[in-house]
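# Structure at a glance
In case you want the letters, here they are:
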Amino acid sequence: MIKIANGTTVKRLNAGRVSMRLTDFELTAELLSEAVRQEDGARDRVADRYGIHKSVITDRVRRMEVFFKVRLFQGPQRKTPTAAGLKMARYGPQLLEEVKHFSYILKVAEKDDEIV
């Protein structure tokens, strides 16, 4: 448990040694969005778009599942998004844009420091 600024105690989130790469998040969110539009062939379409093998996509999806501790796909061929996968398809791209924008804000702030 940790105490945050307003005095509230919250359970510490511990992802262990698992880390999340932004590129993994981006690819997984795009795959899920593609699968929501049309399940069949979603991995093929995303793999073609990025010029990578489907096995790379599968590895990145698994990393996201381990990081978030949820299943994102279900079914015999794991091509149907779960409820968590549907949420990631819906909110993931928006969150990714926010993170990219935040990164830009930080870079601008750093340049302001260099000017002073």
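The text that follows walks through the structure, step by step, so that each part is easy to find. (Residues numbered from 1 in each chain as written. Predicted model: local features only at pLDDT ≥ 70, side-chain atom pairs only at ≥ 80, totals over all residues. Heavy atoms only, no water.)

### Quick look at a negative patch on the surface
A contiguous patch of negative charge on the surface is contributed by Glu110, Asp112, Asp113 and Glu114. Within the secondary structure, glutamate 114 sits in helix 4 (residues 83–115). What makes glutamate 114 exposed here is its relative accessible area of 62%. (Patch = residues over 30% accessible without salt bridge, like charges linked within 9 Å, V, L, I, M, F, W, Y side chains within 5 Å. Areas by Shrake-Rupley, 256 points an atom, 1.4 Å probe, with all protein chains shown as cover. Salt bridge = Lys/Arg side-chain N within 4 Å of Asp/Glu carboxyl O. Lys, Arg positive; Asp, Glu negative; His and termini not counted. Charge placed at Lys NZ, Arg CZ, Asp CG, Glu CD. Helix = DSSP H or I, 4+ residues; strand = E, 2+ residues; numbered from the N terminus. Buried < 20%, exposed > 50% of the residue type's maximum accessible area, 1.4 Å probe, protein only.)

### Let's talk about unusual backbone geometry
Even without being glycine, lysine 69 reaches a positive phi, approximately 60 degrees. Among the secondary structure elements, lysine 69 is positioned in the loop between helix 3 (54–68) and strand 3 (73–74). In this structure, arginine 78 takes a positive phi of about 50 degrees despite not being glycine.

### Describing the side chain of arginine 43
Within the fold, arginine 43 resides in helix 2 (residues 42–50). Buried and without a salt bridge, arginine 43 has glutamate 65 as its closest oppositely charged side chain, separated by 7.1 Å. At 3.5 Å, the side chain of arginine 43 forms a polar contact with the side chain of threonine 58. With residues up to four places along the chain from it excluded, the contact list for arginine 43 reads Leu31, Lys54, Ile57, Thr58, Val61, Phe73 and Arg78. (Polar contact = N/O pair within 3.5 Å; in protein donor to acceptor, adjacent residues only side chain to side chain. Contact = heavy atoms within 4.5 Å.)

### Examining the packing of aromatic side chains
Counting across every chain of the model gives 2 aromatic pairs. Here the aromatic rings of phenylalanine 67 and phenylalanine 68 are separated by 5.0 Å at their centres, their planes lie at 85 degrees, and the arrangement is edge-to-face. Overall, phenylalanine 67 belongs to the partly exposed group, its relative accessible area being 24%. Classification of phenylalanine 68 as partly exposed rests on a relative accessible area of 37%. Cluster of aromatic residues (ring-pair linked, three or more members): Phe25, Phe67 and Phe68. Against the face of phenylalanine 73 rests arginine 43, its NZ or CZ located 5.0 Å from the ring centre. (Phe/Tyr/Trp six-rings, centres within 6.5 Å; stacked < 30°, edge-to-face > 60°. Lys NZ or Arg CZ within 6 Å of the ring centre and 35° of its normal.)

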